Amino acid sequence: MRKKVLIFTAVLILLFGNAVNASVKEVDVDELQPTREQRQAVLLITRVIDKYHYKKQRLDDVMSSSIFDRYLEALDPNKSYLTQQDIRTFEIYKRQLDDALRQARLEPAFNIFKVFRQRLDERMDYALKLVEQDFDFTVDEEYRFDRTEAPWAASSQALDELWRKRVKNDVLNLRLGKKPKEKIKDTLRKRYQDIKRRTHQLASQDVFQSFMNAYTLSLEPHTSYMSPRVSENFDINMRLSLEGIGAVLRNEDEYTIIVRTVAGGPAEMSGKVKAGDRIIGVAQGKDGEMEDVIGWRLQDVVDKVRGPKDSVIRLKILPESEGDAGQANEISLVRNKIKLEDMAAKSSIIEGIDQMGPVRIGVIDLPAFYRDFRGHTNGDEDFRSTTRDVRKLLKELTDQGVDGIILDLRENGGGSLIEATELTGLFIPTGPVVQVKNAGGGLEVERDPDPELVYGGPLAVLVDRNSASASEIFAGAIQDYKRGIIVGEPTFGKGTVQTLVDLGRFVRTGGDKLGRLRLTMAQFFRVKGGSTQFKGVIPDIDFPSASGAEEHGERGLDNALPWAKIPAASFSPAGIGSLDKYVERHRKRIKGDPGFEFLAAEDALLKEARGKKVVSLMESRRKQESDERDARRKQRKNSFLTAMGLEPESDDDDEADHSTPDDDKDDPVEKIMLHETARILSDYIEGQRRAAMVH
């Protein structure tokens, strides 16, 4: 099943510290009417998309049907509020939304939302009644918590049964978390009241934004509309210093999901926050009360997470691997300024590990493609950049006599295109690096600007499923030039280019009330002609965990642009020769390897959690399943640690199963892939030496 991407503007980067907080009032249903500015914005958005969007798609009845489905999905993603009768009532609009958009008629979107708000009120009132009753947790029954692929409820009576199980499950989750009975009732009363109150706070511009994003997401996942309020918040964020926890979040159903952590931020540095985890509680300081944030709007969660530098925030995290039936962990972070040096490239040397021989391998860990644009603009001759830092590290490592270099791009979500291009230039003499095709079919080729070959020795690039954008441009170029060995997992597959369009630029007055459009207007293509979009970069030597990447990244996004190909650019590949014998050695080596067995088991556990749609509502069974899952996880981890000659985790370590050391890259689990990459590169180096001796 593809991952549902609801509204891009529900994705915020929690890098920032203090923010302007305004109280939000509840909106009377009669106030939910489209405005003149929104009608004006609709006409501008449809015209800009028609003229400049990379994907040329007609706004017709087929598109209308897609918009209709995505709007309902945005409002009720888990099919918990609306019934089949409601959907039948709405279907008069299903093939009319294209005409409505062209004519700037927004009444269908507002009419649907008003019914949804009424149905949500009914469900919350019913849930509040259920909270007051006592449930029997010895009954053998199940609750389907993932209803994204389920049919709409046949009637309000069917929803009653669904919500009986939903509330029972919410109570059971808190019971298993050892909350006392009255505290459970208080927590759930507040949760359901908050869901109702926050829905009543959604104003006209919120409804409009949701509807417009149903339109943009019918094109592809990265085009989106930002309302004036969201645009203003975006500007405030960009003016503030980079302080906070460093995490990118989005809303999914009623959860706040961690999309990724930002290199150098407290979340990433802690090693305890992972992509896919859910934030279900937020507390301020060491002793502040933990607030339940399930069902909160993302902006409200952001307001709680923000805070000044050096202040403590505690988060209750439900790991993705635990699924909906798992137990949450509480972690503590100190908000901090994200410094460029924390994101900077770092080096180390690997030598003396098993099955590697006398070879010394230099490692450059690159968490992001960063560039001090302000320093460059101001004429600072010593401004920081990825390429400058890596150039220095390459010289230091070669001076120390390393035999080869690994560039570690795991978890590198990208950054500056300039840096991706210039960094590639350190490893090739000259030539094109990436091709950029725009919506009009025009093609620009980004080339290596410096003819100097800084490092021409043996090279491996380690990537994973979260290596994206600029990382994929670099890895793709190294692979196409046959300049190095790409090792790891298929990368994320983000191969499109977005720009921010201020709709106010098209009008003389009132432009500040129109908002902005984030528009996909170009696509990246490798020098051999294939795109990095969707497929990502496929490693020359893939690890067993690569099987888990098939539904990750763009491949897991609904309606993502497909892979495409254009003619190759003119370039001269280096030629590293056949890698078949190194692939064979790698596979023999990892067969039965405790590290890769552990990674495979963890990957299987994650797949199992993602694929699970129902949970037991019998307390004894639920606890047994949780205990067995924790025991299996701990047994696997300890078997691996023992095999590595390390101390196993103790039975009384409450966080042992779910956390890692503070320096994530020092965790022995994190070194499994890196050390095998070093062995692969060592095999290649020894093979080249023997070949040279023969000749």
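Since this is a predicted model, take the numbers as computed values, not measurements.

Trainee: Teacher, can you tell me more about the overall build of the protein chain here?
Mentor: Scanning the protein chain from N- to C-terminus turns up 20 helices and 22 strands. Here the C-alpha radius of gyration of the protein chain, 26 Å, is about what a compact globule of 695 residues would show, namely 26 Å. Expressed along its principal axes, the backbone C-alpha trace of the protein chain runs to roughly 85 × 65 × 45 Å. For the protein chain, the proportion of its 695 residues judged to be buried stands at 56%. Contacts spanning at least 24 positions in sequence make up 78% of the contacts within the protein chain whose residues lie at least 6 apart. Surface summary for the protein chain: the accessible area is close to 30200 Å², and the carbon and sulfur share equals 50%.

Trainee: Help me out: how do you make sense of the confidence of the model for the protein chain in this one?
Mentor: Regions with low pLDDT should not have their predicted coordinates read in detail. Residue-level pLDDT values for the protein chain average 90, and 92% of them are 70 or greater. Considering only residues more than four positions removed or in separate chains, one finds that residues 654-663, a stretch of pLDDT under 50, has 27 contacts.

Trainee: I'm lost on the packing of aromatic side chains in this one. Help?
Mentor: The description of an aromatic ring pair uses the distance of the two centres, along with the angle that the planes make with each other. Counted by the stated rule, this structure contains 12 aromatic pairs. Chaining the aromatic ring pairs together yields one cluster made of Tyr-81, Phe-113, Phe-116 and Trp-163. One Lys or Arg, Arg-278, reaches over the ring of Tyr-255 and ends 5.1 Å from the middle of that ring. Cation over ring: Arg-388 sits above Phe-383, and NZ or CZ is 4.0 Å from the ring centre.

Trainee: What's the story with the nonpolar core in this structure? I'm lost.
Mentor: Within soluble globular proteins, side chains that are nonpolar generally end up buried alongside one another. Ranked by size, the top nonpolar core spans 72 residues in total, and within it Ile-67, Tyr-71, Val-167, Tyr-192, Phe-211, Met-212 and Tyr-215 carry the most contacts. Ranked by residues supplied to this core, first place goes to helix α5 (residues 107-131) with 11 residues. Each residue touching Met-212, except ones within four places of it in the same chain, is listed here: Val-42, Ile-45, Leu-101 and Tyr-225.

Trainee: What should I look at first to understand the packing of helix α6 (residues 156-176) against helix α7 (residues 181-200) in this one?
Mentor: Each pair of packed helices can be summarised by the angle the axes make with each other and by the distance between the axes. Contact pair α6 / α7: the axes reach a minimum separation of 10 Å and the direction vectors enclose 135°. On the basis of their axis angle, the class for α6 and α7 is oblique. Crossing of α6 against α7: the hand is right-handed. Two secondary-structure elements touch here, α6 through Arg-166, Val-167, Asp-170, Val-171, Leu-174 and Arg-175 and α7 through Ile-184, Thr-187, Leu-188, Arg-191, Tyr-192 and Ile-195. Looking at the contact of α6 with α7, its residues break down into 7 nonpolar, 1 polar and 4 charged.

Trainee: I tried to follow helix α19 (residues 619-643) on my own but got confused; where do I start?
Mentor: Helical geometry: 3.6 residues make up each α-helical turn, so side chains three or four residues apart lie on a common side. When the terminal C-alpha atoms of α19 are compared, their 36 Å separation across 25 residues agrees well with the 36 Å that a helix rising 1.5 Å per residue should span. Residues Arg-622, Ser-626, Arg-629, Asp-630, Arg-633, Lys-634, Arg-636, Lys-637, Asn-638, Phe-640 and Leu-641 constitute the buried set of α19. Looking one or two places after α19, you find Gly-645, whose phi comes out positive at around 75°.

Trainee: Looking at this structure, I do not really get unusual backbone geometry. What am I missing?
Mentor: Across the chain, the bulk of peptide bonds are trans and the bulk of non-glycine residues have phi less than zero. Of note, Lys-79 is a non-glycine position whose phi angle comes to about 55°, a positive value. Inspection of the secondary structure puts Lys-79 in the loop between α2 (61-75) and α3 (84-90). Taking relative accessible area as the criterion, Lys-79 reaches 14% and is therefore assigned buried.

Trainee: Hey, could you run me through the environment of Glu-619 in this one?
Mentor: Mapped onto the elements, Glu-619 comes out in helix α19. Accessibility expressed as a relative area gives 21% for Glu-619, which makes it partly exposed. Spatially, the C-alpha atoms of Glu-619 and Phe-135 are 11 Å apart, while their sequence positions differ by 484 residues. With sequence-adjacent residues up to four places away left out, Glu-619 is seen in contact with Phe-137, Leu-172, Arg-175 and Leu-176.

Trainee: I tried to follow the pattern of salt bridges on my own but got confused; where do I start?
Mentor: Side chains bearing opposite charge may pair, as long as their charged atoms lie close to each other. Tallied over the entire structure, the rule returns 61 salt bridges. Measuring nitrogen to oxygen at the nearest pair gives 2.7 Å for the salt bridge that ties Lys-168 to Glu-141. Of the two residues, Lys-168 sits in helix α6 while Glu-141 sits in the loop between α5 and β2 (142-144), which places them 27 residues apart along the sequence. Here Glu-141 falls in the buried class, since its relative accessible area comes to 14%. The network of salt bridges with shared partners includes Arg-166, Asp-170, Arg-191, Glu-254 and Asp-292.

Trainee: Help me out: how do you make sense of helix α14 (residues 386-399) in this one?
Mentor: In this model α14 runs 20 Å from its N-terminal to its C-terminal C-alpha over 14 residues, within 8% of the 20 Å that 1.5 Å per residue would give. Among the structural elements, β12 (346-350), β13 (361-365), β14 (404-408) and α15 (417-425) are those in contact with the buried residues of α14. One or two residues past the end of α14 sits Gly-401, with phi positive at roughly 80°.

Trainee: I'm lost on the side chain of Thr-216 in this one. Help?
Mentor: Along the chain, Thr-216 falls in helix α8 (residues 204-216). In this structure the side chain of Thr-216 is engaged in a polar contact, spanning 3.2 Å, whose partner is the backbone oxygen of Asn-213. With sequence-adjacent residues up to four places away left out, Thr-216 is seen in contact with Ile-49, Thr-223, Ser-224, Tyr-225 and Leu-517.

Trainee: Mind showing me how you'd approach the sheet that holds β14 here?
Mentor: To summarise the sheet geometry, strands pair through backbone hydrogen bonds and adopt either a parallel or an antiparallel arrangement. Strand order in the open sheet formed by 6 strands is β12-β13-β14-β17-β18-β21, with mixed pairing between adjacent strands. Pairing within the sheet leaves two strands with one partner each, and these edge strands are β12 and β21 (541-542). When strand β18 (residues 485-488) meets β21, the two strands line up parallel, connected through 2 bridges. Its bridge partner lying in β21, Gly-488 is registered against Asp-542. Sheet contacts for helix α16 (residues 470-480): β14, β17 (459-463) and β18; angle to β17, the most-contacted strand, approximately 140°.

Trainee: Quick question: what am I supposed to make of the packing of α15 against α16 here?
Mentor: Where α15 contacts α16, the axes come no closer than 9 Å and their chain directions differ by 20°. Looking at the two axes, α15 sits roughly parallel to α16. In this structure, α15 crosses over α16, and the sense of that crossing is right-handed. Residues Leu-417, Ala-420, Leu-423 and Thr-424 of α15 lie in contact with α16, whose contacting residues are Ala-470, Ile-473, Phe-474 and Ala-477. Grouping the amino acids of the contact of α15 with α16 by side-chain chemistry returns 7 nonpolar, 1 polar and no charged.

Reading guide: rules and limits
Residues numbered from 1 in each chain as written. Predicted model: local features only at pLDDT ≥ 70, side-chain atom pairs only at ≥ 80, totals over all residues. Heavy atoms only, no water. Helix = DSSP H or I, 4+ residues; strand = E, 2+ residues; numbered from the N terminus. Rg over C-alpha atoms; globule rule 2.2 N^0.38 Å. Buried < 20%, exposed > 50% of the residue type's maximum accessible area, 1.4 Å probe, protein only. Contact = heavy atoms within 4.5 Å. Areas by Shrake-Rupley, 256 points an atom, 1.4 Å probe, with all protein chains shown as cover. pLDDT = per-residue confidence, 0-100. Phe/Tyr/Trp six-rings, centres within 6.5 Å; stacked < 30°, edge-to-face > 60°. Lys NZ or Arg CZ within 6 Å of the ring centre and 35° of its normal. Core = buried A, V, L, I, M, F, W, Y, C linked by side-chain atoms within 4.5 Å. Axes fitted to C-alpha atoms, helices over the stretch in contact; angles between N-to-C directions. Parallel < 35°, antiparallel > 145°, perpendicular 65-115°, else oblique. Left-handed = near helix turned anticlockwise from the far one by under 90°. Nonpolar A, V, L, I, M, F, W, Y, C, P; charged D, E, K, R; others polar. Expected span 1.5 Å × (residues − 1). Salt bridge = Lys/Arg side-chain N within 4 Å of Asp/Glu carboxyl O. Polar contact = N/O pair within 3.5 Å; in protein donor to acceptor, adjacent residues only side chain to side chain. Pairing = 2+ DSSP bridges.

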